[in-house]
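# A look at the structure
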Amino acid sequence: HTLNQIESDRNIEAGTLQAAAVVADSQTGEIHALVGGRKGRVDGFNRALNAERSVGSLIKPVVYLTAIESGMHLGTLIKDEPITIQPEFGDIWEPKNFNGEYTGELPMIRALAESSNLATVHLGMQVGLPLIQQRFRHLIGHVPQNQYPSFLLGAEALSPLAMLELYGNFASGGFRTPPKAVIAVLDERGQALTHHPFELQQTIESRHAATINRALEIAMAKGTGKSSPYARRGVAGKTGTSNDNRDSWFAGFDNSNVSVVWVGRDDNAVTGLTGASGALRIWNGIARQDGIDPLTHAPSADLVDIEFSSGLRANAECAEVVNVPI
């Protein structure tokens, strides 16, 4: 139904969009729902498992996590200005922001929330692409195929299931819990024939996980996720849009569930959709049906109020204030 509405609203030819979604328990990785296509009950190609598409901005939290682990914080200022990169091999790369504009510099919290491409590339080059890719591999066990800086903006093809595993690290508070559809196989008497125990491996220090999760909560409330009616209800999430608006992504989580939604076309044609105008709208429907279990925050003496636009400590005159770990 939502795909029909999106096609109608955006003047897209009816029936041309496809979608996939996967929802799992945020703490155990147990899969609650997996839909592989527009007609969920039709057998055939399962896009949730097998469609590997450019993930766009869904990869950006890994860049910011690595920066935080390297000693930066959400108020740290980073450059938001044009950059030209000449790799040792390959073509010159000149990334652009989605709106074609830039601010000069902005704090990390705003750069992630608003999904600034230029700021993310500047930050990634400062932290180091090899370190970020090593971190990415540690989080989901996937060796990046793209060894160029465009990886920082998500020029890497992965499935919705793989992105669910990535965001599971955040949703669980810093643990890798590979998604699983089968917990145990029982015989006719209900006795376990085989059992699939939970795999739990800490991948992120709890304080760093809390920081990136707070940033993703602010990305919903004040950034690219703010169009959602659930944006300020205790949800963390990130929209993603691949080059030329071919793929629309959303990954989000509350206290109970982590979800990934993809919208695109099987022929990889341009859809004109961003993460917010496509995948996020489908996630809104999931949230409307299942409800929201708001994220809870452990009390911390390290939370401070900063100005969203500048990253400076906030005072009474500041217009937009966010409370973040420093």
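Just above, that's the structure.
Everything numeric in this text was worked out from a predicted model, so none of it was measured.

On strand S14 (residues 303-307), burial follows the alternation: Val304 and Ile306 on one face are buried, whereas Leu303, Asp305 and Glu307 on the facing-out side are not. Two elements, S14 and strand S15 (residues 321-325), share five bridges in a ladder whose sense is antiparallel. Within the sheet, the bridge partner assigned to Glu307 lies in S15 and is Val321.

Let us look at the layout of surface pockets. The computed volume of the largest pocket comes to approximately 1000 Å³. Looking at the largest pocket, it is lined by 45 residues, and the ones nearest its centre are Lys60, Asn97, Phe98, Ser115 and Asn117. Elements with a minimum of two residues in the lining of the largest pocket: strand S3 (53-54) and strand S11 (236-241). In terms of residue count, S11 provides more of the lining of the largest pocket than any other element does, four residues in total.

Now for the sheet that holds strand S2 (residues 31-35). Two strands in a sheet stick together by hydrogen bonds in their backbones, pointing the same way (parallel) or opposite ways (antiparallel). On the basis of which strands lie adjacent, the open sheet formed by five strands has the order S2-S1-S13-S12-S11 and antiparallel pairing. Looking along the sheet, the strands with just one partner apiece sit at the ends: S2 and S11. For this sheet the average axis-to-axis angle between neighbouring strands, irrespective of direction, equals 5 degrees. Helix-sheet contacts for helix H9 (residues 279-290) involve strand S1 (18-25), S11, strand S12 (248-253) and strand S13 (257-264), and the interaxial angle to S13 is about 140 degrees.

Rules and cut-offs
Residues numbered from 1 in each chain as written. Predicted model: local features only at pLDDT ≥ 70, side-chain atom pairs only at ≥ 80, totals over all residues. Heavy atoms only, no water. Buried < 20%, exposed > 50% of the residue type's maximum accessible area, 1.4 Å probe, protein only. Helix = DSSP H or I, 4+ residues; strand = E, 2+ residues; numbered from the N terminus. Pairing = 2+ DSSP bridges. 1 Å grid on protein atoms, 1.4 Å probe; cavity = no way out; pocket = protein on both sides within 12 Å on 5 of 7 lines; lining within 4 Å. Points joined across faces, edges and corners; volume = space filled by probe spheres on them. Axes fitted to C-alpha atoms, helices over the stretch in contact; angles between N-to-C directions. Contact = heavy atoms within 4.5 Å.

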